[in-house]
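Residue strings, one per chain:
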4 protein chains.
Amino acid sequence: MNEMRPPQHGPDFRSDNVGAVAPEIIEALARANRDTATGYGGDTWSLELQKRFGELFEAKVKVYPVATGTAANALAMAAITPSHGAMFCQERAHILTSEVNAVGFFSGGGMLVPVAGPHGKVDPAALEEAIAAQGKGLMHRSQPASLNIVQATDLGAVYAVDEIRALAATAKRHGLKIHMDGARFANAIARLGCKPADITSRAGVDVLSFGMTKNGGLLCDAIVVFDEAAAPAIQWHVRRAGHVWSKARFAAAQLLAYVEDDLWLRNAGRANAMAARFDAGLKTIPGASLWAPIEANEIFLKAPAHVIDGLERDGVRFFRRAADMARFVCRFDATEAEVDAVLASLRRNLSNG
Amino acid sequence: MNEMRPPQHGPDFRSDNVGAVAPEIIEALARANRDTATGYGGDTWSLELQKRFGELFEAKVKVYPVATGTAANALAMAAITPSHGAMFCQERAHILTSEVNAVGFFSGGGMLVPVAGPHGKVDPAALEEAIAAQGKGLMHRSQPASLNIVQATDLGAVYAVDEIRALAATAKRHGLKIHMDGARFANAIARLGCKPADITSRAGVDVLSFGMTKNGGLLCDAIVVFDEAAAPAIQWHVRRAGHVWSKARFAAAQLLAYVEDDLWLRNAGRANAMAARFDAGLKTIPGASLWAPIEANEIFLKAPAHVIDGLERDGVRFFRRAADMARFVCRFDATEAEVDAVLASLRRNLSNG
Amino acid sequence: MNEMRPPQHGPDFRSDNVGAVAPEIIEALARANRDTATGYGGDTWSLELQKRFGELFEAKVKVYPVATGTAANALAMAAITPSHGAMFCQERAHILTSEVNAVGFFSGGGMLVPVAGPHGKVDPAALEEAIAAQGKGLMHRSQPASLNIVQATDLGAVYAVDEIRALAATAKRHGLKIHMDGARFANAIARLGCKPADITSRAGVDVLSFGMTKNGGLLCDAIVVFDEAAAPAIQWHVRRAGHVWSKARFAAAQLLAYVEDDLWLRNAGRANAMAARFDAGLKTIPGASLWAPIEANEIFLKAPAHVIDGLERDGVRFFRRAADMARFVCRFDATEAEVDAVLASLRRNLSNG
Amino acid sequence: MNEMRPPQHGPDFRSDNVGAVAPEIIEALARANRDTATGYGGDTWSLELQKRFGELFEAKVKVYPVATGTAANALAMAAITPSHGAMFCQERAHILTSEVNAVGFFSGGGMLVPVAGPHGKVDPAALEEAIAAQGKGLMHRSQPASLNIVQATDLGAVYAVDEIRALAATAKRHGLKIHMDGARFANAIARLGCKPADITSRAGVDVLSFGMTKNGGLLCDAIVVFDEAAAPAIQWHVRRAGHVWSKARFAAAQLLAYVEDDLWLRNAGRANAMAARFDAGLKTIPGASLWAPIEANEIFLKAPAHVIDGLERDGVRFFRRAADMARFVCRFDATEAEVDAVLASLRRNLSNG
């Protein structure tokens, strides 16, 4: 991986989770593999993790390593949503489209309410309307409780700092708690060039799913709680869900390695750079358009069906969301050769149109 | 670890989860870290895992890697228990005492019914009584649905093959599905010297929590389903619980390495051997007695409180379950020196009595 | 009530549940109030209820009296939906808009998927699309499980027999179970002039919420199960939900009185007739239009906001669903005077426009 | 019923729910059946109910009419128990033995912890121990949350005022909320001759299931909340469970009639008097003994199996809890003739021993 070799079977943009693990993370596991250590988070690494993330987010935080982003999202949302609560999210939010209603299950009956908005973002005015329509105080309706936003969004766009602040202000005005699904949090930070706190603790976010898997991680993500009072029972929820590892040091070691020397931002920067290269290439190809601006590591290409068929025939690997919609995700270990290959295929197929 | 050095801070018998990871498992991660791979279990390693476990268990099985034993237990029990079901388990079963009622949560309202028996085993006659008392067909009572047995038990005993068969026969006669909590499955197999199938598929077990963590694993356990019809929805339950990793190859690679060349049985054999050494030593120490026979890698010592106080003063690390009850768990990487040190301390403290 | 006096405070069309109870039902309670009777449904009335409803629906049925329509809907849907299931319903369905996501709660995590269609009806083509979009077999998505249809609909329209058959055929083709919310089932039957079986058992419906409350009932509705295999655990669900009365005879007595001598159809016919009078009147008033055809006992009036304001000023009581949308529900004990009064007010306010 | 005729088929002591309804309650329904009324609790009767119960309990209360005692218990316990909570109750408590784990279901995973004690009462020392054993603060265990006590108990005994205060003090010291299952609350008050507040609001009880069904009620019980802060979401829980009737006036009217002119205490007094007559009779019969003192309207008779067989042969109706345990419940409309008949049968069968 260090030499950034293209995958054996042609350019692979199916997802960032088809990629490799940053070697630094596996090395960290090997380093932590000595002596005995207290179980369930009482070890040195886990304590260090709390401290390190406090520095990273410039706030008092509680970090709960969990196995996956779905676990992080569901447990975080359940922690801030009572069972009779309404959870607002964007129409394309991962928790709505791809996680078997885990948030409904873990919250014990909470109800997702989709809200419109451009490029996977929640529109503040639409949120305001949706909250109003939900009927605060009415005994017949799930009560407005929480807001889920995805950063970067499920269409590859990135909320600006001010956009998050504005949304949070709307949400807080109505008493909603705020969860950020940060499956591609690193890509957003790399894009914005801001501090992690700028779009989380300082912006009004209560709980964050801190994604690691998609950005060179192994088998570990994390929940970061900024307002402990917002999630008083989360420790038991996480334990009950089977997401507290007894050998917790090996989870903490991964997360520590991930943020050590800005590894996470370097990985994300590389993935974003590949997407930018993709973007630049597209600008030179007449006929290709986008569903959303390329702001992180994802490209949502709009093209005639026969063109997308052609990409498939050429052996390019990607996720076809619709006849005329192809999603390309740039891995942290994607190569320029892969990007160039897909651009060449696209150019060829478009000119054959 | 290869040289089996004792822990830096004195003999450590707190649990098998304070120990290290078998280096073979970390090496397997490094080996799998190349190229791209289909996510969510569509990769080569995951497919191989299904095949390999089919051979191991001499049966058609479905394997679901999950993060922890709690996850395996809760999802397995929920898969075989309707929300109005009664789940029978031993009075000291881990699912009853130590998992925040995860089985109640995941089954959506299932009720645990404790059953007595010696040494952490469910007694068949007591089970029969408990089922009868539960009132099959009565609309007022949770309906008998499933049986949980722990192998090795929570007191360190091991069910004989015939004991499992007898329990399974009782359970099946009443229509119960059977789950085996195999947190220390390897230790039981190493003890019995039988085939894995002898105490699972061939004995009537429907679903197994296949423990790896406590026996040199990293951050991964697994559910093994023997009767697919018994757990038709488990795939969605596991996914919804956030226990399907997108980078599933790295979970499968761990499980494959764990059973490769009998690594799991060698590890368990070593842990059991340390417990046997402990046992042999105890026999030479007047005044020490046991709560249960030592048949796997755990010792439940009964001794006067001041003796157990003395062990603590001597820097021996263990889990004090009660004033006069000390649990010692032998890690796969425990050393003879550790065992000898605790025996010496015990001898000294008993003679001081 | 027998003399059909208008309410003391002006015409009252707020809902059919603001009305009185058919005296026959209270008389039936008094008649049943003698001697002792076995509890929890083992009494003579409850057994008779099973038999009587079997005749009524020309099928083998199981009847479960419950306290409310919400209880009937939630328990019925939960009985035919696994916790990882997707439940399809119309965008204005009561279970989606007005029951605190009770179906999500009772199913243990099931997810409502709204489907478009005219006048509160599910459109078969839209249903087909929604099922396809839900991703059958995909581990990431709640699985298509059940369909909820409301008869008469939440906009006062009535499905024709063939419409239900067509929807049921689509649903069955995809393995969905079908629940009919019959909060205004009687009004629909009165309108269609068909047999109850024509739009339920013979049309492919698996479970029915048999509404009584809105049509002259007291405090009792019922679940009617047509396919026992579709709802094997419903008895325990109903009991656990606190909807099995120990003095069950008094629930059965109400339901028996309700269908005795076609009381239910006479009541519904009267309510429908008042709505028809309303409809006829509207046709003579220029400027008034409807959101849906008047086919049962509800009128959804579309009119400029100032006109609806005027109705309110005139003391007409109704439910304002939006600035330009007024819902009028005709009670079984509504009077012609009430209808005429609201028409007069409407005429006056429209001419003032 | 007014003439207190014995049941047609011999003395009937199966339960107090096999009996009739107090005629005053049905008359109240008939009286309330006029005009229209706002739905869902906005009517005059419902508002009066809040006021009347405030006077009755000498406290600010919130009353939620529900269909059954199971509903009241489950919704009340769920309101004061988080999903990771432990709920303490007596070993014979109805919520543990007879309600399909409804409290586990409605609380979303709460776990019942049985506590010993004499005659169906929770023993304060045993409660103290059980709380300690539950491991407050441990992430592995359901957290102590609530206490359920049954008044009169499930063995027919009655807690003295001081006993409830002592239990409540213990519970509060550990942060538990307290629920009283008052299925036979009236019988307890009639026995104690105290004010309702003495054993509820003033004694530390947070929520009460106010039983009406067993004491001459029809199809309605109620939850009484003393500490609104203890149950902030209960309104939505009750609504979602399908226990908010749209025609709420008819529920409120029943509850108002029940407490009007002390009807509830007169009914309970009559039932208790029949039990006292039973008790007095037993004292004259050598060989009969009791499982618990007769303090309300239940008798738990201990007698050799052949004697209880004899009672059955004689046509006496009761509930046989075990071979040598017969439960007799005196209905509010039980007659002296019934009591005398069973005593005669018992005397005969004992002398035949």
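Because the structure is a prediction, the values reported are computed rather than measured.

So, about the packing of helix α6 (residues 124-134) of chain C against helix α7 (residues 161-173) of chain C. All names here are of chain C. For the pair α6 and α7, interaxial distance at closest approach is 10 Å and the crossing angle is 15 degrees. Relative to α7, α6 is oriented roughly parallel. Between α6 and α7 the crossing geometry is right-handed. Along the contact surface, α6 presents Pro124, Leu127 and Glu128, while α7 presents Ala166, Leu167 and Thr170. Here the contact of α6 with α7 is built from residues that sort into four nonpolar, one polar and one charged.

With that out of the way, let us pick up the pairing of strand β9 (residues 298-302) of chain C. Residues and elements named next belong to chain C. Within β9, four of the five residues are buried, leaving the element largely enclosed by the surrounding structure. As paired elements, β9 and strand β11 (residues 325-329) share five bridges and run antiparallel to each other. Within β11, the position partnered with lysine 302 by the bridge is methionine 325.

With that out of the way, let us pick up the interface of chain D and chain C. Taken together, the contact between chain D and chain C spans 44 residues of the former and 44 residues of the latter. Counted by class, the side of chain D that touches chain C contains 23 nonpolar, 14 polar and seven charged residues.

Between the two copies, chain D and chain C, the superposition gives an RMSD of 0.0 Å; the rotation angle is 180 degrees and the shift along the axis is 0.0 Å. Here the symmetry operator amounts to a two-fold rotation axis. The rotation axis passes nearest to the C-alpha of D:Ala67 in chain D, at a distance of 3.1 Å. A shared interface surface links the copies, since 100% of the contact residues of chain D are contact residues in chain C too.

Looking now at the interface of chain B and chain C. The partner chain C presents 15 residues to the 15 residues of chain B that form the contact. If one sorts the elements of the side of chain B that touches chain C by residue count, helix α9 (residues 234-240) of chain B sits on top with five residues. Residues of the side of chain B that touches chain C, tallied by class, amount to six nonpolar, seven polar and two charged.

Before going further, it helps to spend a moment on the confidence of the model for chain A. In this model, chain A carries a mean pLDDT of 96, and residues with pLDDT of at least 70 account for 98%. Both scores are given for the predicted complex: the pTM is 0.97, the ipTM 0.96.

With that settled, the discussion passes to the sheet that holds strand β6 (residues 207-210) of chain D. All names here are of chain D. Sheet architecture is open: seven strands sit in the order β1-β7-β6-β5-β4-β2-β3, paired in mixed fashion. Every interior strand has two partners, whereas the edge strands, β1 (62-66) and β3 (111-115), have only one. Sheet twist, expressed as the average angle between the axes of neighbouring strands with direction ignored, equals 20 degrees. In this structure, strand β2 (residues 85-90) lies alongside β3, joined through five bridges in parallel fashion. Its bridge partner being in β3, cysteine 89 is matched across the sheet by proline 114.

Mapping between the two copies of the chain is achieved by a rotation about an axis and a shift along the axis. Between chain B and chain C, which share one sequence, the superposing operator has a rotation angle of 180 degrees and an axial displacement of 0.0 Å; the RMSD is 0.0 Å. Residue by residue, 100% of the interface of chain B is reproduced at the interface of chain C, so both copies engage with the same surface.

All right, on to unusual backbone geometry then. For the bond from A:Gln151 to A:Ala152, the omega torsion is -15 degrees, close enough to zero to count as cis. As for its position among the elements, A:Ala152 is in the loop between β4 (143-150) and α7 (161-173). The phi angle at B:His119 is positive, at roughly 60 degrees, despite the residue not being glycine. Along the chain, B:His119 falls in the loop between β3 (111-115) and α6 (124-134).

Before going further, it helps to spend a moment on the sheet that holds strand β5 (residues 177-182) of chain A. All names here are of chain A. Strand order in this open sheet of seven strands is β1-β7-β6-β5-β4-β2-β3, and the pairing throughout is mixed. Single-partner strands in this sheet number two, and they are β1 (62-66) and β3 (111-115). The mean inter-strand angle of the sheet, taken between neighbouring strand axes irrespective of direction, is 20 degrees. Sheet topology places β4 next to β5; five bridges connect them, and they run parallel. Residue pairing in the sheet places leucine 147 in a bridge with isoleucine 178 of β5. Across the sheet, helix α6 (residues 124-134) touches β2 (85-90), β3 and β4, and the angle it forms with β3 is around 140 degrees.

Calculation criteria
Residues numbered from 1 in each chain as written. Chains lettered and ligands numbered in written order. Predicted model: local features only at pLDDT ≥ 70, side-chain atom pairs only at ≥ 80, totals over all residues. Axes fitted to C-alpha atoms, helices over the stretch in contact; angles between N-to-C directions. Helix = DSSP H or I, 4+ residues; strand = E, 2+ residues; numbered from the N terminus. Parallel < 35°, antiparallel > 145°, perpendicular 65-115°, else oblique. Left-handed = near helix turned anticlockwise from the far one by under 90°. Contact = placed C-beta atoms within 7 Å. Nonpolar A, V, L, I, M, F, W, Y, C, P; charged D, E, K, R; others polar. Buried ≥ 20, exposed ≤ 12 C-beta atoms within 10 Å, placed from the backbone. Pairing = 2+ DSSP bridges. Least-squares fit on C-alpha atoms with pLDDT ≥ 70 in both. pLDDT = per-residue confidence, 0-100.

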